[in-house]
Amino acid sequence: MHLAQLNVAHLREPLDSLTLADFVAALEPINALSDAAPGFVWRMKGGEDPTDTIRHDYGDDLLVNFSIWESRETLWNFVYRSAHLPVMRRRLEWFHRAAEPYTVMWWVPEGYRPSLAEAMARLSILRAEGAGPEAFTFREFYDSSEAASRPAAAEVRK
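Reading the values: the criteria
Residues numbered from 1 in each chain as written. Predicted model: local features only at pLDDT ≥ 70, side-chain atom pairs only at ≥ 80, totals over all residues. Heavy atoms only, no water. Salt bridge = Lys/Arg side-chain N within 4 Å of Asp/Glu carboxyl O. Helix = DSSP H or I, 4+ residues; strand = E, 2+ residues; numbered from the N terminus. Buried < 20%, exposed > 50% of the residue type's maximum accessible area, 1.4 Å probe, protein only. pLDDT = per-residue confidence, 0-100. Phe/Tyr/Trp six-rings, centres within 6.5 Å; stacked < 30°, edge-to-face > 60°. Lys NZ or Arg CZ within 6 Å of the ring centre and 35° of its normal.

(A) Geometry of the pattern of salt bridges. Evaluated as defined, the whole model comprises 5 salt bridges. Close ionic contact of Asp22 with Arg90 constitutes a salt bridge, the shortest N to O distance being 2.8 Å. Taken together, the positions of Asp22 in helix α1 (residues 21–36) and Arg90 in the loop between α3 (84–88) and α4 (91–94) put the pair 68 residues apart, joining distant regions of the chain. For Asp22, a relative accessible area of 43% gives the class partly exposed.

Here it is, written out as structure tokens:
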């Protein structure tokens, strides 16, 4: 099993604004860092340009990051023990403070690539029901054996 993660953020201003210039400038190096990180498996991209963001129908101000990792440890190391951390610490300069969960994780079978709709559904589960094997966070984490026994994981494997 691999670990899927989605995080979303509501932009304070359009991506081409001066306020978000540092964020946009960080996209290419941070995306390259993630793609080369130990344990990185896959990242949904918005296009071929390294600064392209994911296009979707969830609102123009919603920025989406969606990736798959080999394990909790490899994702943790990228998020909190790499050059990603200083960029993440500036989050509130660029995005509105979230009143509800904005990141979710869940286990997927190796080789499976969930859709953005599935990822957003996992975030909705977390927001509505709290953490569980189908949708969880670093703080309230479930290992892959707990998730694999759930009906949703069994459906994905079919």
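(B) Structural context of the confidence of the model for the protein. Averaged over every residue, the pLDDT of the protein is 91; the share at 70 or more is 92%. For the protein, helix α7 (residues 151–157) is the element with the lowest average pLDDT, namely 45, and strand β4 (residues 103–108) is the one with the highest, namely 98.

(C) Structural detail: the packing of aromatic side chains. Following the criterion strictly, the structure yields 12 aromatic pairs and no others. An angle of 80° between the planes, with centres 6.0 Å apart, marks the rings of Trp107 and Phe141 as edge-to-face. With Trp107 in strand β4 and Phe141 in the loop between α5 (116–129) and α6 (144–148), this pair connects stretches of sequence that are 34 residues apart. For Trp107, a relative accessible area of 10% corresponds to the buried category. Given the relative accessible area of 25%, Phe141 is considered partly exposed. Among the aromatic side chains, those forming a connected cluster through ring pairs are Trp107, Phe136, Phe141 and Tyr142. In this structure, Arg72 packs its charged tip against the face of Phe141, placed 5.0 Å from the ring centre. Lying over the aromatic face of Tyr102, Arg91 brings its terminal NZ or CZ to 4.0 Å of the ring centre.

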